[in-house]
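Remarks on the overall topology
Listed below, chain by chain, are the residues.
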Amino acid sequence: MLIGEGAFAVLVRARALEAQGRDVVHMEIGEPDFQTSPHVIEAGKRALDAGYTKYGPTQGDPELREAIAEYISTTRGISADESQVVVTPGGKPNLFYTMLGLLGPGDEALYPNPGFPMYESMIGCAGAKPVPIPLVEDRGFSIDLDYFRKSLTDRTKLVILNSPQNPTGGTIPAEDIRAIAEMVRDRDLYVLSDEIYSEIVFGDKPTSISTMPGMADKTIILDGFSKAHRMTGWRIGYSVYPKALVSMICMLQVNCASCTASFTQRAAIEALRGPQDDVRAMVEEFARRSAFITDALNSLPGFRCAKPGGAFYAFPNITGTGIGSNELAERLLQEAGVACLGGDAFGEFGEGYLRFSYATALDQIEVAIERIRKMLTAGS
Ligand code: PLP
């Protein structure tokens, strides 16, 4: 069964309330509140004028693939080749292609829970069994390594990792990445490492499992331009695949999308090779908001919030309120005008939490916190 994305559903309902004249603070959608950099927009316009309005190569614009290989090699400290890069309309199609290409009935895939809902959805869509691996709050939302070890079987064909994470904002420390690599290295499986938030970190850069001995040929690195470069609506992402998988992935893409929009890819070259000041400024602003919202959520009755290591999500534990995740998110929307998501929208181990996206101006976050406080303390 396919699973939808709660963020889009709540956004529609919040907009409906606004249409009735209600004021809503939007903390539901996972999209930076910053515009694409002007120099990237200019590059897109120039590309349109220059005639990049036609179909392009299925695997992606060769110059962009080169820029991506260079970027991944530098940032991850591995040697990625442009022949391994497949450019796609957003990062999401890589989940589709990987699951459809690698999984089938009888196979199992391990995925983080709470996690990006498309993981479970796409594993199931490919006919395989989704095996949830719990994230542990008091381990900074890293995975439960014992549970992980016990969940590996001869049927495990894929392991999904995500760091920094949606929805928790947690990161997986290097020692856990090393332990996971040791557990999977000699197994007949691939790892899909979703690194789409890799630029948005507030401390040490997370370690990519692709850097661990023996893992380069087993790891698919998923990344893209939606988050760091604020290009959600341009629909552009990519993955770096082990060489053995590239032709199968291109076959899936030619069947599905043919190729990624040509002018968008030219803009993406500028995003990677042009000035990075806007990316840095955005990450600094997210760091400021992250510190503010963590303290603010911790000051609410019944809330307990771990410090996020990256991305732009806070994931407070709300069991102290005595209200379930879904019910509390619903009441916050209807009674307080604050749109957020129940943790259960990200899987069963998300129950007892809420997800707040702080891709919203600081003054709006302050308004949201005071509205929540007022609702929680009303009548007490
Ligand atoms: N992976 C994670 C963990 C995400 O949170 C998202 C978007 O929210 C994506 C992948 C896909 O992003 P896009 O398709 O916009 O590149």
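Worth saying up front: this structure is predicted, and the values here are computed from it rather than measured.

We now examine the nonpolar core. The biggest cluster of nonpolar side chains holds 62 residues, and the ones touching the most others in it are Met99, Ile293, Leu297, Phe303, Leu332, Leu354 and Phe356. The biggest single contributor to this core is helix H10 (residues 277-298), with 7 residues. Domain assignment of the residues forming this core places at least three in each of domain 1 (6-30 + 277-377) and domain 2 (38-273). Every residue in contact with Phe303, bar those within four places of it in the chain, is listed here: Leu297, Asn298, Pro316, Asn317, Ile318, Thr321, Leu328, Leu354, Phe356, Ile372 and Leu376. Core analysis: the next-biggest nonpolar cluster, separate from the first, contains 24 residues, Phe141, Ile143, Met183 and Val184 among them.

Time to look at the environment of Glu18. Topologically, Glu18 is positioned in helix H1 (residues 6-19). Separated by 319 residues in the primary sequence, Glu18 and Gly337 place their C-alpha atoms 9.3 Å from one another. Those residues in contact with Glu18 that sit more than four places away from it in its chain are Val24 and His26.

This next bit is on the site of the ligand. Of all residues adjacent to the ligand, which total 13 residues, the nearest are Gly91, Asp194, Tyr197, Ser226 and Lys227. Backbone polar atom of Gly91 to an oxygen atom of the ligand: 2.7 Å apart, as the coordinates give it. Within the side chain of Lys227, an N or O atom sits 2.7 Å from an oxygen atom of the ligand. For the shell around the ligand, the per-class residue count stands at 4 nonpolar, 5 polar and 4 charged.

Here we take up the side chain of Asp61. Looking at the secondary structure, you find Asp61 in the loop between helix H2 (38-49) and helix H3 (62-76). For Asp61, a relative accessible area of 9% translates into the label buried. Sequence-distant contacts of Asp61, defined by excluding residues within four places in its chain, comprise Tyr52, Gln265, Arg266 and Ile269.

Okay, the domain arrangement of the protein chain next. Splitting the protein chain by domain gives domain 1 (6-30 + 277-377) and domain 2 (38-273). Between the C-alpha centres of domain 1 and domain 2 the distance comes to 26 Å. Across the contact, 28 residues belong to domain 1 and 28 residues belong to domain 2. Of the roughly 2,400 Å² buried at the junction of domain 1 and domain 2 (both faces included), carbon and sulfur atoms supply 62%. Looking at the side of domain 1 facing domain 2, the largest losses of area belong to Phe315, Phe346 and Phe349, adding up to 24% of the total buried there. Joining domain 1 to domain 2, the criterion identifies 1 salt bridge. Ionic pairing is found between Arg304 and Glu137, a salt bridge with its closest N-O pair at 3.0 Å. Counting across the interface, domain 1 meets domain 2 through 13 residue pairs in polar contact (both at pLDDT 80 or more). Looking at the side of domain 1 that touches domain 2 element by element, the count peaks at 7 residues for H10. Within the side of domain 1 that touches domain 2, the residues separate by chemical class into 17 nonpolar, 7 polar and 4 charged.

Let us look at the environment of Glu370. Within the element layout of this structure, Glu370 appears in helix H12 (residues 362-377). Along the chain, Glu370 and Asp81 lie 289 residues apart, while their C-alpha atoms are 50 Å from each other. Within polar-contact distance, the side chain of Glu370 engages the side chain of Arg373 at 3.0 Å.

Burial of strand S7 (residues 190-194) is extensive: 4 of the 5 residues sit out of reach of the surface. Pairing of strand S6 (residues 156-162) with S7, which is carried by 5 bridges, proceeds in the parallel orientation. Each residue of the ladder has a partner; that of Asn162, found in S7, is Asp194. Tracing the backbone out of S6, into helix H7 (residues 174-184) and back to the parallel element S7 gives a crossover that is right-handed. Here S7 pairs with strand S8 (residues 219-224) via 4 bridges, running parallel. Of the residues in S8, the one forming a bridge with Leu192 is Ile220.

Further remarks concern the packing of aromatic side chains. Under the defined criterion, the tally for this structure stands at 11 aromatic pairs. Consider the rings of Phe34 and Phe286, whose centres lie 5.7 Å apart with planes at 85°: the pair is edge-to-face. Residue Phe34 is found in the loop between strand S1 (25-26) and H2, and its partner Phe286 is found in helix H10; the two are separated by 252 residues along the sequence. We classify Phe286 as buried; its relative accessible area is 0%. Ring centres 5.6 Å apart and planes at 80° place the aromatic pair Tyr197 and Phe312 in the edge-to-face group. Within this pair, whereas Tyr197 is found in the loop between S7 and S8, its partner Phe312 is found in the loop between H10 and strand S10 (313-314), the two being separated by 115 residues in sequence. Each member of the pair, Tyr197 as well as Phe312, carries the same accessibility label: buried. An aromatic cluster of at least three residues, connected via ring pairs, comprises Phe34, Tyr197, Phe286, Phe312, Tyr313 and Tyr358.

Reading the values: the criteria
- Within any chain, residue numbers begin from 1 and follow the written order of that chain's sequence.
- The model is predicted, so local features are restricted to residues of pLDDT at least 70 and side-chain atom pairs to those at 80 or more, both for listing and for counting; the totals for chains, interfaces and linings are taken over all residues.
- No hydrogens and no water enter the side-chain calculation; it runs on all heavy atoms of the structure.
- Definition of nonpolar core: a set of buried residues of the types Ala, Val, Leu, Ile, Met, Phe, Trp, Tyr and Cys, connected through side-chain atoms within 4.5 Å.
- Residue exposure (1.4 Å probe, protein chains only): buried if accessible area is under 20% of the type maximum, exposed if over 50%, otherwise partly exposed.
- A run of H or I in DSSP counts as a helix once it spans at least four residues, and a run of E counts as a strand once it spans at least two, with each numbered from the N terminus.
- Here the limits of each domain have been adopted from an automatic or database domain assignment.
- The contact criterion used throughout is that any non-hydrogen atoms of two residues lie within 4.5 Å.
- Near residues are defined by distance, with any heavy atom within 4 Å of the molecule or strand qualifying the residue.
- Counted as a polar contact is a pair of N or O atoms within 3.5 Å, where, for protein atoms, one must be capable of donating a hydrogen and the other of accepting one, and residues adjacent in sequence contribute only when both atoms are in side chains.
- Three residue categories are used. Nonpolar comprises Ala, Val, Leu, Ile, Met, Phe, Trp, Tyr, Cys and Pro, charged comprises Asp, Glu, Lys and Arg, and polar comprises the others, including Gly.
- Defined here as a combined quantity, buried area equals the accessible surface (1.4 Å probe) lost by two parts on assembly, summed across both.
- By definition here, a salt bridge exists when the distance from a side-chain nitrogen of Lys or Arg to a carboxyl oxygen of Asp or Glu is within 4 Å.
- Between any two strands, pairing holds if DSSP finds at least two bridges.
- With strands facing away from the observer, any crossover in which the path from the first strand over the helix to the second runs clockwise is taken as right-handed.
- When two rings of Phe, Tyr or Trp (its six-membered ring) have centres within 6.5 Å they constitute a pair, described as stacked for plane angles under 30 degrees, edge-to-face for angles over 60, and tilted for the intermediate range.

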